[in-house]
Amino acid sequence: MENSDTHQELVKSMPRIGDKAPDFEALTTKGQIKFSEFAKDKWVVMFSHPADFTPVCTTEMSGFAIRKDEFDALDTELLGLSIDSIHAHLGWVQNVKENTGVYFDFPIIADLDMKVSKLYGMLQPNESETAAVRAVFFIDPEKKIRLIMYYPLNVGRNMSEILRALEALQTSDKYKVAMPLDWKKGDKAIVPPPKSLDELNKRLEDDSVEKVTWYLAKKELS
Ligand code: BEZ
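Quick caveat: nothing in here was measured; it's all calculated off a predicted structure. (Residues numbered from 1 in each chain as written. Predicted model: local features only at pLDDT ≥ 70, side-chain atom pairs only at ≥ 80, totals over all residues. Heavy atoms only, no water.)

Turning to the domain arrangement of the chain, a few remarks are in order. Taken domain by domain, the chain consists of domain 1 (2-157) and domain 2 (176-222). A separation of 36 Å is found between the C-alpha centroids of domain 1 and domain 2. (Domains from an automatic or database assignment.)

Below is the structure:
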């Protein structure tokens, strides 16, 4: 598959950071959706899993469900997807609820024809030709893709990192700052580096920021 035309086409059409999120219509566990009209004025975390009724996927979906309140608090809607039928989704949601009490209370796309998986580069044939990889798309209220994660079939994602990255993106937008290694809520953020010698000289005299050096300075966020 590596160099086939199909593979090349899939790679070429993969959306990237900064792109408008491709629009689609799909059947979900909460009914039909048109993505451009879904979660208006909110962030969306859209994620795929390889298959219903599989162990790693069950832990991950449960993770999203258990921490849904934290996504709500960040004004973010969850949207799951796998290449399974709506009946499989309903059976799995009910099965997990009965076995563990965890309820997947967010829409999950039944992407049996692989239309959405292909549109979003979730189908990566050298990993699997029939199952979506573990993708996470962070999409802002303007429906622009802001961050993408891809995990293989055999490694589950980290829910704390997904939430941390979402909050980092939102905080970066709000304060026009950048987020350093391991940034978490309450930490200082990086102020943009100077773009001229005048700005550099001002930065050197600015005691309101914590300077490691002129191009690396941090400040508290109020
Ligand atoms: C799992 O979720 O456990 C899984 C799904 C597909 C392939 C491998 C593992």
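There's plenty left to go through after this.
This next bit is on the pairing of strand 7 (residues 145-151). Both strand 6 (residues 134-139) and strand 7 contribute to a ladder of six bridges, which runs antiparallel. Bridging across to strand 7, A135 finds its partner in Y150. (Pairing = 2+ DSSP bridges. Helix = DSSP H or I, 4+ residues; strand = E, 2+ residues; numbered from the N terminus.)

By the secondary structure assignment, V212 is in strand 9 (residues 210-213). Along the sequence, V212 and E129 sit 83 residues apart, while their C-alpha atoms lie 48 Å from each other.

A word on the nonpolar core. Ranked by size, the top nonpolar core spans 27 residues in total, and within it V45, F64, F71, F104, F106, F138 and I162 carry the most contacts. The set of elements that each furnish at least two residues to this core consists of strand 3 (43-48), helix 2 (55-66), helix 4 (86-100), strand 6, strand 7 and helix 6 (159-175). Not counting the four nearest positions on each side in its chain, F71 is found in contact with V45, F64, T76, L78, M159, I162, L163 and L166. Of all hydrophobic cores here, the second largest spans 23 residues; its members include F24, V44, L79 and M122. (Core = buried A, V, L, I, M, F, W, Y, C linked by side-chain atoms within 4.5 Å. Buried < 20%, exposed > 50% of the residue type's maximum accessible area, 1.4 Å probe, protein only. Contact = heavy atoms within 4.5 Å.)

On to the layout of surface pockets. Its volume calculated, the largest pocket comes out at about 260 Å³. Residues belonging to the lining of the largest pocket are distributed by class as follows: four nonpolar, four polar and five charged. (1 Å grid on protein atoms, 1.4 Å probe; cavity = no way out; pocket = protein on both sides within 12 Å on 5 of 7 lines; lining within 4 Å. Points joined across faces, edges and corners; volume = space filled by probe spheres on them. Nonpolar A, V, L, I, M, F, W, Y, C, P; charged D, E, K, R; others polar.)

Taken together, P50, T54, P55, V56, C57, R134 and L153 form the complete shell of residues around the ligand. Within the backbone of C57, one N or O atom sits 2.8 Å away from an oxygen atom of the ligand. R134 is positioned such that a nitrogen or oxygen atom in its side chain is 3.2 Å from an oxygen atom of the ligand. When the free accessible area of the ligand is taken as 260 Å², the share hidden by the protein chains comes to 73%. The biggest single contributor to the shell around the ligand is helix 2, with three residues. Here the residues of the shell around the ligand sort into five nonpolar, one polar and one charged. (Near = heavy atom within 4 Å. Polar contact = N/O pair within 3.5 Å; in protein donor to acceptor, adjacent residues only side chain to side chain. Areas by Shrake-Rupley, 256 points an atom, 1.4 Å probe, with all protein chains shown as cover.)

All right, on to the packing of aromatic side chains then. The tally for this structure, following the rule as stated, stands at eleven aromatic pairs. A centroid spacing of 6.3 Å and a plane angle of 25° characterise the contact between F35 and F38, whose relative ring orientation is stacked. Since its relative accessible area comes to 1%, F35 is described here as buried. You can call F38 buried: its relative accessible area is 11%. The interplanar angle of 10° and the centroid separation of 3.7 Å between the aromatic rings of F47 and F64 together place this pair among those described as stacked. (Phe/Tyr/Trp six-rings, centres within 6.5 Å; stacked < 30°, edge-to-face > 60°.)

The next subject is the confidence of the model for the chain. Taken over all residues, the pLDDT of the chain has a mean of 96, while the share at 70 or more is 99%. Predicted confidence in the chain is weakest over helix 1 (residues 5-12), with a mean pLDDT of 80, and strongest over strand 5 (residues 108-110), with 99. (pLDDT = per-residue confidence, 0-100.)

Moving on, we come to unusual backbone geometry. The backbone of D41 sits at a positive phi, close to 65°, despite the residue not being glycine. As for its placement among the helices and strands, D41 is situated in the loop between strand 2 (31-34) and strand 3. With relative accessibility at 65%, the residue D41 sits in the exposed group. One non-glycine residue with positive phi stands out, namely M114, at about 65°.

Turning to the pairing of strand 9, a few remarks are in order. As defined by bridge partners, strand 9 adjoins strand 10 (residues 216-219) across three bridges and the pair is classed as antiparallel. Bridged to K211 within strand 10 is A217. The turn linking strand 9 back onto strand 10 is made up of two residues.

Here we take up helix 6. With 17 residues, helix 6 should cover 24 Å at 1.5 Å per step; its first-to-last C-alpha distance of 24 Å lies within 8% of that length. For helix 6, every residue scored as buried is listed here: M159, I162, L163, A165, L166, A168, L169, Q170 and T171. Where helix 6 is buried, its residues contact strand 3, helix 2, helix 3 (68-73), strand 4 (76-82), strand 6 and strand 7. The residue sitting at the N-terminus of helix 6 and contributing the capping side-chain oxygen is N158; that oxygen lies 3.0 Å from the backbone nitrogen of S160. Backbone geometry just after helix 6 places K176 at a positive phi near 55°. (Expected span 1.5 Å × (residues − 1).)

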